[in-house]
Amino acid sequence: MTILDKIVARKREEIIENKARVSTDELEQAEFFDRKCYSLREALTQPDKVGIIAEFKRRSPSKGILNATADVVETTQGYVNSGASVLSILTDIDFFNGSNENVIKARRANEVPILRKDFIVDEYQILEAKAIGADVILLIAACLNPEELKRLGAFTHSLGMSVLLEVHDKEELLRSINPHIDAIGVNNRNLATFNVDVQTSFELADLIPNDFVKVSESALSQAQTIIDLKKAGFGGFLIGETFMKTNDPAKACKEFVEEVKNLS
Ligand SMILES: O=C(O)c1ccccc1NCC(=O)[C@H](O)[C@H](O)COP(=O)(O)O
């Protein structure tokens, strides 16, 4: 059993628990449910921005605790003030020490798209994402078949939210493209082995149709890599650990954005 299998198995239990605790009617009556979402595509195609998706990630299965103390409001506001275009906030509790509450707090404090970063396998989680103020959800090809990807993508679009499809190889990419996707992310981290290799993004770049915003995810730590990925056609860069492992994630983000701009 891979770590991804374990995460998804636990996720299915968690969804049953959550459905018993909070009804879909209650989710639809939540504070943020009827708000108009920010567009992921628009945020990642602004010519004056680098295209950073800055992640609030306390812990990861591969690295353990990254940052136990950072304040979510201070950090996410800092990310946005540093030039991040989009925020990504982990909501998985058991493997990432994330929470829905962190999205709610970040939503109240920021006016950019927020990606609810979790392992989505059920419509209920998408309703929950809308209810907590997220604009974007992630659909991971490694844990969803083409029919599920299409069904969950269509449901997400029906709520006015955006879909970031995550793939790791050519086979996942070719079987997963459907009309209900806004951006395609190449995860440089193999979720079964934890191996990271930025080359994965370069290899898949030309296979992703240009109608999608191309996003490179994970293991991004060098400004020059962003420049090279931009030349290869990428417009979004999902970065967690590089920022969160420092004492001041927002400052790390600011310095990174400045370095990319200086190299551009
Ligand atoms: O980060 C992990 O260890 C991990 C393990 C298993 C499943 C998913 C995992 N991470 C989720 C992500 O996709 C990353 O948080 C995101 O791409 C940012 O990556 P990084 O910049 O390397 O923190």
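Every chain is numbered on its own, with residues counted from 1 as its sequence reads. Residues qualify for local features only when their pLDDT is at least 70, as the model is predicted, and side-chain atom pairs are given and counted only at 80 or more; totals for whole chains, interfaces and linings, by contrast, use all residues.

- Going by an unreviewed UniProt entry, the protein carries the name Indole-3-glycerol phosphate synthase and comes from Solitalea canadensis.
- UniProt positions are given in the numbering used here, feature names are shortened, and annotations may be inferred rather than shown by experiment. What UniProt states about the protein under its Catalytic activity (unreviewed entry) heading is, verbatim, "1-(2-carboxyphenylamino)-1-deoxy-D-ribulose 5-phosphate + H(+) = (1S,2R)-1-C-(indol-3-yl)glycerol 3-phosphate + CO2 + H2O".
- The UniProt entry for the protein carries the following comment under Sequence similarities (unreviewed entry): "Belongs to the TrpC family."

With respect to the sheet that holds strand E7 (residues 162-167)
Consideration 1: Within the closed barrel, the eight strands sit side by side as E1-E4-E5-E6-E7-E8-E9-E10. Their pairing is parallel. Across this sheet, the average inter-strand angle for adjacent strands is 25°, counted without regard to direction.
Consideration 2: As paired strands, E7 and strand E8 (residues 183-187) are joined by four bridges and run parallel to one another. Note on E8: the bridge partner recorded for Glu166 is Gly185. Strand pairing follows a simple DSSP-based rule, namely that at least 2 bridges must link the two strands. Here a helix means four or more residues in a row that DSSP labels H or I, a strand means two or more in a row labelled E, and each is numbered from the N terminus. Here, axes are lines fitted to C-alpha atoms. For helices the fit covers the stretch in contact, and angles between N-to-C directions go from 0 to 180 degrees.

Side note on the pairing of strand E6 (residues 136-140)
In the case of a regular strand, side chains alternate between the two sheet surfaces.
Consideration 1: A residue is called partly exposed when the number of other C-beta atoms within 10 Å of its own lies between 12 and 20, exposed at 12 or fewer, and buried at 20 or more, with C-beta atoms placed from the backbone. Here E6 lies mainly inside the structure; five of its five residues are buried.
Consideration 2: Side chains of E6 alternate between two faces, with Val136, Leu138 and Ile140 and Ile137 and Leu139 buried alike.
Consideration 3: The sheet contact formed by strand E5 (residues 114-117) and E6 spans two bridges and is parallel. When the bridges of E6 are listed, Leu115 appears paired with Val136.
Consideration 4: A crossover links E5 with its parallel partner E6, the connecting element being helix H6 (residues 123-131), and its sense is right-handed.
Consideration 5: Note that E6 and E7 share five bridges and pair parallel. Pairing of Val136 across the sheet is with Ser162, part of E7.
Consideration 6: Here, the term right-handed applies to a crossover whose path from the first strand over the helix to the second runs clockwise when the strands point away from the viewer. Between E6 and its parallel partner E7, the chain crosses via helix H7 (residues 146-158), and the hand of that crossover is right-handed.

Notes on the site of the ligand
Consideration 1: Only the C-beta atom matters for this test: placed from the backbone, it must lie within 6 Å of a molecule or strand for the residue to be near it. The immediate surroundings of the ligand are formed by 18 residues, with Ser60, Ser62, Ser218, Gly240 and Glu241 found nearest.
Consideration 2: Of all elements in the fold, only strand E10 (236-239) and helix H11 (241-244) reach the threshold of two or more residues within the shell around the ligand.
Consideration 3: Three classes are used: nonpolar for Ala, Val, Leu, Ile, Met, Phe, Trp, Tyr, Cys and Pro, charged for Asp, Glu, Lys and Arg, and polar for all others, with Gly counted as polar. Counted by class, the shell around the ligand contains seven nonpolar, six polar and five charged residues.

With respect to the environment of Arg35
Consideration 1: Along the polypeptide, Arg35 turns up in the loop between helix H2 (24-28) and helix H3 (40-43).
Consideration 2: As for Arg35 and Asp135, which are separated by 100 residues in sequence, their C-alpha atoms are 9.6 Å apart.

Description of the nonpolar core
Consideration 1: Each nonpolar core reported here comprises buried Ala, Val, Leu, Ile, Met, Phe, Trp, Tyr and Cys residues connected via C-beta atoms within 7 Å. In this structure, Leu87, Ile137, Leu139 and Cys253 are the most contacted members of the largest nonpolar core, which totals 70 residues.
Consideration 2: If one sorts the elements of this core by residue count, helix H12 (residues 249-263) sits on top with six residues.

Notes on H12
Consideration 1: A helix is expected to span 1.5 Å for every residue after the first. Under the 1.5 Å per step criterion, the end-to-end length of H12 is 21 Å for 15 residues, consistent within 8% with the ideal 21 Å.
Consideration 2: Looking only at H12, the buried set comprises Pro249, Ala250, Ala252, Cys253, Phe256, Val257 and Val260. All buried residues of H12 fall inside an arc of 155° around its axis, so they share one side.
Consideration 3: Residues of H12 that are buried make contact with strand E1 (52-56), helix H4 (72-81), helix H10 (223-231) and H11. Comment: arc refers to directions from the helix axis out to C-beta atoms. Contact between residues is assigned whenever the C-beta positions, reconstructed from backbone atoms, fall within 7 Å.

Observations concerning the UniProt feature "domain: Indole-3-glycerol phosphate synthase" (unreviewed entry) in the protein
Consideration 1: In this numbering, the UniProt entry assigns the feature "domain: Indole-3-glycerol phosphate synthase" (unreviewed entry) to residues 4-255.
Consideration 2: Span residues 4-255 is 40% helix and 17% strand, its end C-alpha atoms 33 Å apart.

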